[in-house]
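Single-letter residue listing:
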Amino acid sequence: MKMTFRWFGPGFDSVKLEQIRQIPGVKGVITTLYDSVPGEAWDAGKVRTLKELAAKNGLEVSGIESVNIHDDIKTGNGRRDEYIENYIKTLEVLGKEDIHMVCYNFMPVFDWTRSDLAKPRHDGSTVLAYDQKMIDAINPADMFGNLDAKSNGFILPGWEPERMARIKELFAAYEGVSEQNLFDNLVYFLKAIMPVCDKYDINMAIHPDDPAWPVFDLPRIITDKEHILKMLNAVPNVHNGITLCTGSLGTNPQNDLPDIIRACKGRIHFAHLRNLWHEAPGKFEEAAHLSADGTFDMYAITKALYETGFDGPIRPDHGRAIWGEVAMPGYGLYDRALGCAYLNGLWEAISKANPR
Ligand SMILES: [Mn+2]
């Protein structure tokens, strides 16, 4: 595995590369062109600039999170083929720049959903939290205002203001799009991009839906082992893989995370490791990475990754807001750096106890 850290790029992140390089064991950043628009072909010069900035700090660009998918591709309408062509051009640019992992998601309208971005925890930190009862009481069109008010002034990934301004239009675009339609549109997209992935050895790593069930009556298709295996088997190419995100799949306590890891052996190209604390069904809050602070057995999860030969990038996921840091919710330096240290320790102990 390779320990990495998500970084949103210059001007979009409160965390600096100079800080990331000082986290022990971090080899690279997971980044993106944060001001790109879904559907456009990426500019090679901009990607190179990101690589050069990282390299100046002894870091590599270990992967892209995300290259977002245009809604026409997800709904299967409008200019889908044109946008897929542009996606292929972007993958060519990345392949030529020696970047071989791309995380993306196929969620309608909302990339991820939380009911609170700053819920106080027992230790005085604040975390992102989810309560289905609160979500059920919210008009989806009001979601953006609720979250934006607590975003510390940062643009939240997937919740860009220009996107949210079109929320009614987006809901209308997905009207009549069933779970099966969405799945078929994903398969259509994957089949179209596999040749360029084969050519440049690019691992596509779909991010699970967060939370792992339909929200606001929108379909969700990457939610559990059965759905993930269906997706992997529909396009049986090693470049069609997943991001193992414990915090997303683990929103459903029925999901046995080590079992999912073993079932997806060889097809996990990226791992987001973090912990949640489940208070009740449909009600959870994010926790420190440590097993003891949440519901997940982080040791068993990490061990399953090690034992299945996982060798892709890992990154700590959302951290708590601690020590007075003001950052994008979930993406401060301090708690994610603690997460890196903990995950590195787990990995070292597991690998030394179980030499290959
Ligand atoms: Mn994730």
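As the structure is a prediction and not an experimental result, all values here were calculated from the model.

## A short note on the overall build of the protein
Line of reasoning, step 1. The helix and strand tally for the protein stands at 14 helices and 12 strands.
Line of reasoning, step 2. Across its three principal axes, the protein shows a C-alpha extent of roughly 50 × 45 × 40 Å.
Line of reasoning, step 3. Going through the 356 residues of the protein one by one, you find that 43% of them count as buried.
Line of reasoning, step 4. Taking the intrachain contacts of the protein between residues at least 6 apart in sequence as the baseline, contacts between residues at least 24 apart amount to 73%.

## Concerning the packing of helix H13 (residues 298-307) against helix H14 (residues 334-353)
Line of reasoning, step 1. Contact pair H13 / H14: the axes reach a minimum separation of 10 Å and the direction vectors enclose 60 degrees. One way to sum up the angle between H13 and H14 is to call them oblique. When the axes of H13 and H14 are compared, the crossing they make is right-handed. Contacts from Met298, Tyr299, Thr302, Lys303 and Tyr306 in H13 reach Leu343, Leu346, Trp347, Ile350 and Ser351 in H14.
Line of reasoning, step 2. When grouped by side-chain class, the residues that make up the contact of H13 with H14 number seven nonpolar, two polar and one charged.

## Describing the sheet that holds strand S6 (residues 126-131)
Line of reasoning, step 1. Spatial ordering of the open sheet is given by S5-S6-S11-S10, a layout of four strands whose pairing is antiparallel. Looking along the sheet, the strands with just one partner apiece sit at the ends: strand S5 (116-120) and strand S10 (276-280). Between one strand and the next, the sheet's axes are offset by a mean angle of 35 degrees, whatever the strand orientation.
Line of reasoning, step 2. Pairing of S6 with strand S11 (residues 283-286) involves three bridges; the strand directions are antiparallel. Directly across from aspartate 131, in S11, lies its bridge partner lysine 283.

## Remarks on the nonpolar core
Line of reasoning, step 1. Val102 and Ile261 are the most contacted members of the largest nonpolar core, which has 87 residues in total.
Line of reasoning, step 2. When near neighbours in sequence (up to four residues on either side) are disregarded, isoleucine 261 contacts Leu244, Ile268, Ile301, Ala304, Leu305 and Thr308.

## With respect to the sheet that holds strand S8 (residues 240-245)
Line of reasoning, step 1. Strand order around the closed barrel formed by eight strands is S1-S2-S3-S4-S7-S8-S9-S12, with parallel pairing between neighbours. Taken pair by pair, the neighbouring strands of this sheet meet at an average axis angle of 30 degrees, ignoring direction.
Line of reasoning, step 2. Pairing of strand S1 (residues 2-6) with strand S12 (residues 313-316) involves two bridges; the strand directions are parallel. Its bridge partner lying in S12, lysine 2 is registered against proline 313.

## Structural notes on helix H2 (residues 44-56)
Line of reasoning, step 1. Between its first and last C-alpha atoms H2 spans 18 Å; for 13 residues at 1.5 Å apiece the expected length is 18 Å, and the two agree.
Line of reasoning, step 2. For H2, the full list of buried residues reads Val47, Leu50 and Ala54. Buried residues along H2 cover an arc of 60 degrees about the axis, so they all sit on one side. Facing away from the buried surface of H2 by more than 90 degrees, the exposed residues are Gly45, Glu52, Ala55 and Lys56.
Line of reasoning, step 3. Along its buried surface, H2 packs onto helix H1 (17-20), strand S2 (28-31), strand S3 (60-65) and helix H4 (80-96).
Line of reasoning, step 4. Just downstream of H2, glycine 58 is the residue with a positive phi angle, here 70 degrees.

## Section: unusual backbone geometry
Line of reasoning, step 1. Here the residue pair glutamate 65 and serine 66 is connected by a cis peptide bond, since its omega of 0 degrees sits within 30 degrees of zero.
Line of reasoning, step 2. By secondary structure assignment, the location of serine 66 is in the loop between S3 and helix H3 (71-75).
Line of reasoning, step 3. The residue after aspartate 210, namely proline 211, is reached through a cis peptide bond having omega 0 degrees.
Line of reasoning, step 4. Position of proline 211 relative to the elements: it lies in the loop between strand S7 (203-206) and helix H10 (225-234).
Line of reasoning, step 5. For aspartate 98, which is not glycine, the phi torsion reads 65 degrees and is therefore positive.
Line of reasoning, step 6. If you trace the backbone, aspartate 98 turns up in the loop between H4 and strand S4 (101-104).
Line of reasoning, step 7. Positive phi outside glycine occurs at tryptophan 323, with the angle close to 55 degrees.
Line of reasoning, step 8. Among the structural elements, tryptophan 323 can be located in the loop between S12 and H14.

## Details of the pairing of S4
Looking down a regular strand, the side chains alternate between one sheet face and the other.
Line of reasoning, step 1. Inspection of the sheet shows S3 paired to S4 by two bridges, in the parallel sense. Across the sheet, glutamate 65 pairs through a bridge with cysteine 103, a residue of S4.
Line of reasoning, step 2. By the bridge criterion, four bridges tie S4 to S7 in an arrangement that is parallel. Looking at S7, one finds that tyrosine 104 is bridged to isoleucine 206.

## Side note on the pairing of S5
Line of reasoning, step 1. Bridge analysis of S5 against S6 gives three bridges, and the strand direction is antiparallel. Bridging from a neighbouring strand, proline 120 pairs with threonine 126 of S6.
Line of reasoning, step 2. Hairpin remark: S5 followed by S6, antiparallel, with five residues in the connecting loop; positive phi at glycine 124, about 90 degrees.

Reading guide: rules and limits
Residues numbered from 1 in each chain as written. Predicted model: local features only at pLDDT ≥ 70, side-chain atom pairs only at ≥ 80, totals over all residues. Helix = DSSP H or I, 4+ residues; strand = E, 2+ residues; numbered from the N terminus. Buried ≥ 20, exposed ≤ 12 C-beta atoms within 10 Å, placed from the backbone. Contact = placed C-beta atoms within 7 Å. Axes fitted to C-alpha atoms, helices over the stretch in contact; angles between N-to-C directions. Parallel < 35°, antiparallel > 145°, perpendicular 65-115°, else oblique. Left-handed = near helix turned anticlockwise from the far one by under 90°. Nonpolar A, V, L, I, M, F, W, Y, C, P; charged D, E, K, R; others polar. Pairing = 2+ DSSP bridges. Core = buried A, V, L, I, M, F, W, Y, C linked by C-beta atoms within 7 Å. Expected span 1.5 Å × (residues − 1). Arc of directions from axis to C-beta.

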